[in-house]
Amino acid sequence: MDISVTLRDAADGGVIARTVVPSESLPPAFDGTQMLEAADQVWRVVRAEPAFREEYELIGELELTLRRAERVPGPDLGAPAGDIHFSMSSISDRLPDIAGPLDGRSVLLVKDDLWRDVELVGPFGAAAVEANLAAIRRVQTEFRSGPGFTEIHLRTEPVEPLEGVTLTVEDLAAGLRTTTHFVRPVAIEGQGMVRGGYALSVADGVHVYGLVDATDRVTVVGVHRTGIASTRVAGAFAALAQARGLTLVDWRDGLRTADPELLGKWFAAPPQPLWR
């Protein structure tokens, strides 16, 4: 049977193309590893709705959300020009909803690939953290090619990293020894303002950002760093993490900790390069 397929760009939500594809030409399940070519670009399927053949055959429709694959130079100059490499070993599988374009306000601007690249995770996310870190180590070990990777791990879990944790932006500011005077919106580079987003300045070059729900509970705390930070900042993160049962997870660095000493070393080191 034929399936009506809509291809949508993860960067801005726009429709790339609509087409009809025989069901047998589609995979039985989309798991984040599929690549396709459309509009003269190579894309990775980051989300499929529905994801399984029995479901999309039932309704006759399928929507694929795609993220453009970045081409980077490979180590072998004789390699085919079409070889695809990824600049990062892991990214979050989905971006937050966008409320609208930048409106001139002061915002924290986060690159799309770095959304939730470093974040605080609650105890209910422990199993997902371990599974993701193992998958990322495999990509970094087995699929490295020059400055990039021939595979990328898409993190689908934890969907809500602070599940079971009651935390407001005010609690976050107090725990990190700053004030809510420094709260501002967060935006995704090239896309716009994040719906339900916030950004909080902790120190020069250190911000936290994320999402709040309709009850003002913080559901995502990402850590955005552009420089090194003092032991005071590391101590504040350690105290907050230990008080709330959280861990700081740097996905690509393979770090998961609430230990003050390890956090001190992490904050004292330069931020992660993109090529990792």
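Our structure is the block above this text.
(A) Spotlight on the nonpolar core. One finds Leu 172, Val 208, Val 221, Phe 237, Leu 248 and Phe 267 to be the most contacted residues of the largest nonpolar core, which totals 33 residues. For this core, the element with the most residues is helix H4 (residues 231-244), which contributes seven residues. If sequence neighbours within four positions are ignored, Leu 172 has contacts with Leu 167, Tyr 198, Leu 200, Val 208, Val 221 and Leu 240.

(B) How the structure looks around the sheet that holds strand E1 (residues 2-9). Strands sit in the order E2-E1-E5-E4-E3 across an open sheet of five strands; the sheet is mixed. Looking at the sheet topology across the chains shown, the edges are occupied by strand E2 (15-22) and strand E3 (35-38). Across the sheet, the mean angle separating the axes of adjacent strands is 40° when strand polarity is ignored. One ladder, built from four bridges, connects E3 with strand E4 (residues 41-49); its direction is antiparallel. Opposite Leu 36, over in E4, you have Trp 43 as the bridge partner.

(C) Broad picture of the packing of H4 against helix H5 (residues 260-268). Where H4 contacts H5, the two axes come as close as 8 Å, and the packing angle between them is 140°. If you check the angle between H4 and H5, you find them oblique. Seen from above, H4 lies across H5 with right-handed handedness. Residues Val 233, Ala 234, Phe 237, Ala 238 and Gln 242 of H4 touch H5, and the partners they reach there are Pro 260, Leu 263, Gly 264 and Phe 267.

(D) Inspection of the pairing of E1 at higher detail. Sheet topology places E1 next to E2; seven bridges connect them, and they run antiparallel. Each residue of the ladder has a partner; that of Arg 8, found in E2, is Val 15.

(E) Structural context of the packing of aromatic side chains. Counted by the stated rule, this structure contains four aromatic pairs. Considering the side-chain rings of Trp 115 and Tyr 209, the 5.1 Å spacing of their centres and the 50° angle between planes classify their relative orientation as tilted. Note that Trp 115 is positioned in the loop between strand E8 (108-110) and strand E9 (118-121) and Tyr 209 in strand E17 (residues 206-212), a separation of 94 residues in sequence. Here Trp 115 matches Tyr 209 in class, with each residue buried.

(F) Structural view of the pattern of salt bridges. What the rule picks out here adds up to 14 salt bridges. Between Glu 63 and Arg 8 there is a salt bridge, with the nearest N and O atoms lying 3.3 Å from each other. Here Glu 63, found in strand E5 (residues 61-68), pairs with Arg 8, found in strand E1; they are 55 residues apart in sequence, far enough to count as distant. By relative accessible area, which is 23% here, Arg 8 ends up partly exposed. Glu 49 is the partner of Arg 47 in a salt bridge, and the nearest nitrogen-oxygen pair spans 3.3 Å. Its relative accessible area of 44% is what places Glu 49 among the partly exposed residues. What you see here is one network of salt bridges that share partners, running through Glu 160, Asp 213 and Arg 217.

(G) Local environment of the side chain of Arg 116. Relative to the assigned elements, Arg 116 resides in the loop between E8 and E9. Here the side chain of Arg 116 touches Pro 158 through a polar contact of 2.7 Å, landing on its backbone oxygen. Apart from the residues lying within four places of it in its own chain, the contact partners of Arg 116 are Arg 155, Pro 158, Val 159, Pro 161, Tyr 209, Val 220 and Trp 251.

(H) Main features of the environment of Phe 237. Mapped onto the elements of the fold, Phe 237 is located in helix H4. Residue class for Phe 237 comes out buried when judged on its relative accessible area of 2%. For the pair Phe 237 and Ala 258, spaced 21 residues apart in sequence, the C-alpha to C-alpha distance is 7.9 Å. Contact partners of Phe 237, with chain neighbours within four places excluded, come to Leu 176, Val 202, Val 206, Val 208, Val 223, Leu 248, Leu 263 and Phe 267.

(I) Structural detail: the sheet that holds E8. Strand order in the open sheet formed by four strands is E7-E15-E14-E8, with mixed pairing between adjacent strands. Sheet topology places strand E7 (98-100) and E8 at the edges, where each strand pairs with a single neighbour. Within this sheet the neighbouring strands show an average axis-to-axis angle of 45°, counted without direction.

(J) Examining unusual backbone geometry more closely. Here Glu 49 and Pro 50 are connected by a cis peptide whose omega angle stands at -5°. Its place among the elements puts Pro 50 in the loop between E4 and helix H1 (53-59). A cis amide bond, omega -5°, links Glu 157 with the succeeding residue Pro 158. Located in the positive-phi region is Arg 116, a residue other than glycine, with phi close to 60°.

Cut-offs used in this document
- Residues numbered from 1 in each chain as written.
- Predicted model: local features only at pLDDT ≥ 70, side-chain atom pairs only at ≥ 80, totals over all residues.
- Heavy atoms only, no water.
- Core = buried A, V, L, I, M, F, W, Y, C linked by side-chain atoms within 4.5 Å.
- Buried < 20%, exposed > 50% of the residue type's maximum accessible area, 1.4 Å probe, protein only.
- Helix = DSSP H or I, 4+ residues; strand = E, 2+ residues; numbered from the N terminus.
- Contact = heavy atoms within 4.5 Å.
- Pairing = 2+ DSSP bridges.
- Axes fitted to C-alpha atoms, helices over the stretch in contact; angles between N-to-C directions.
- Parallel < 35°, antiparallel > 145°, perpendicular 65-115°, else oblique.
- Left-handed = near helix turned anticlockwise from the far one by under 90°.
- Phe/Tyr/Trp six-rings, centres within 6.5 Å; stacked < 30°, edge-to-face > 60°.
- Salt bridge = Lys/Arg side-chain N within 4 Å of Asp/Glu carboxyl O.
- Polar contact = N/O pair within 3.5 Å; in protein donor to acceptor, adjacent residues only side chain to side chain.

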